Amino acid sequence: MTFVVTDNCIQCKYMDCVAVCPVDCFHEGPNFLVIDPVACIDCTLCEPECPASAIFKDGDLPDEHQEYLAINARLAQEWPVVTEKKPPLPDADQWDGRAHKRALLLVEDSVRWTK
Ligand code: SF4
Ligand code: F3S
């Protein structure tokens, strides 16, 4: 089991999740965070902390977010660990709740995830 960051984190990145994780399993990209499924101990602490309700237990992932299981596992191997909460992205409140942000996911600055 693991927890998974999904679509609504994109362009928001509120980062409240980072502050509560006891095992530092969040990894940071330009406009999204992911959870390392190997490091996650399923403590459940991060899920209620996300203002964008973007974190799910893998078994509770909505069908439309299933691809985020693989996205979290893959990008956790590429992005650096983040251990301290930073400010959200500047327009986070405007992006919160918008559907289908997946096409905006950046793997690195100005490089979109195309897989
Ligand atoms: Fe970290 Fe716990 Fe969330 Fe897993 S469930 S990412 S261990 S806070
Ligand atoms: Fe993203 Fe929510 Fe964390 S928006 S950065 S998963 S608090």
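Structure report, in brief. Values in this document were obtained by computation on a predicted structure and should not be read as measured data.

Thoughts on the overall build of the protein
- When you go through the protein residue by residue, the secondary structure sums to three helices and six strands.
- Going from N to C terminus, the protein has its helices and strands arranged as β-α-β-β-β-α-α-β-β.
- Relative to the globule expectation of 13 Å for 115 residues, the C-alpha radius of gyration of the protein, 12 Å, shows essentially globular dimensions.
- By its C-alpha atoms, the protein is 30 × 30 × 25 Å across when sized along the principal axes.
- Sorting the 115 residues of the protein into buried and exposed places 43% on the buried side.
- A sequence separation of at least 24 residues applies to 75% of the contacts in the protein between residues at least 6 apart.
- Working note: accessible area of the protein is about 6,000 Å², and carbon and sulfur atoms make up 51% of it.
- Each charge class in the protein can be summarised by its mean position, and for the 10 positive and 20 negative side chains these summaries are 6 Å apart.

Observations concerning the nonpolar core
- Ranked by size, the top nonpolar core spans 34 residues in total, and within it Phe-26, Phe-32, Leu-33, Ile-35, Ile-55, Leu-75 and Leu-105 carry the most contacts.
- Secondary-structure elements contributing two or more residues to this core are strand 1 (3-5), helix 1 (16-20), strand 3 (33-35) and helix 2 (67-76).
- The dominant element in this core, judged by the number of residues it contributes, is helix 2, at four residues.
- Contacts of Phe-26, omitting those with residues within four sequence positions, involve Val-5, Cys-17, Val-18, Cys-21, Leu-33, Val-34, Ile-35, Cys-46, Ile-55, Pro-80, Val-81 and Val-82.

A closer look at the site of ligand 1
- Taken together, 13 residues form the shell around ligand 1, and within it Cys-21, Cys-25, Cys-40, Cys-43 and Cys-46 come nearest.
- Residue classes in the shell around ligand 1 are distributed as eleven nonpolar, one polar and one charged.

What to know about the site of ligand 2
- Taken together, Val-5, Cys-9, Lys-13, Tyr-14, Met-15, Asp-16, Cys-17, Leu-33, Cys-50, Pro-51, Ala-52 and Ile-55 are the residues near ligand 2.
- Taken together, the residues of the shell around ligand 2 sort by class into ten nonpolar, no polar and two charged.

Calculation notes
- Throughout this document, residue positions are counted from 1 along each chain, in the order its sequence is written.
- For this description, chains carry letters from A and ligands carry numbers from 1, given in the order in which they are written.
- It should be noted that, the model being predicted, local features are given only for residues of pLDDT at least 70 and side-chain atom pairs only at 80 or more, the latter also being counted only at that level, while totals for whole chains, interfaces and linings use all residues.
- Processing note: side-chain calculations cover all non-hydrogen atoms of the structure and skip hydrogens and water entirely.
- Only DSSP runs of H or I with at least four residues qualify as helices, and only runs of E with at least two residues qualify as strands; both kinds are numbered from the N terminus onward.
- For the radius of gyration, the atoms used are the C-alpha atoms, and the globule rule reads 2.2 Å times the number of residues raised to 0.38.
- To sort residues, take the accessible area from a 1.4 Å probe on protein chains only and compare it with the maximum for the residue type: under 20% means buried, over 50% means exposed, and anything in between is partly exposed.
- Here, residues are in contact when the closest pair of their heavy atoms is within 4.5 Å.
- The Shrake-Rupley method, run with a 1.4 Å probe sphere, supplies the accessible areas, and residue values consider only the shown protein chains as cover.
- Within this scheme the basic residues Lys and Arg register as positive and the acidic residues Asp and Glu register as negative, but His and the chain ends are omitted.
- Charged groups are reduced to one reference atom each: NZ for lysine, CZ for arginine, CG for aspartic acid, CD for glutamic acid.
- Among buried residues, those of type Ala, Val, Leu, Ile, Met, Phe, Trp, Tyr and Cys that are joined through side-chain atoms within 4.5 Å constitute a nonpolar core.
- Here a residue is considered near a molecule or strand provided that any single heavy atom belonging to it is located within 4 Å of it.
- Only Asp, Glu, Lys and Arg are considered charged in this grouping, and only Ala, Val, Leu, Ile, Met, Phe, Trp, Tyr, Cys and Pro are considered nonpolar; every other residue, Gly among them, is considered polar.

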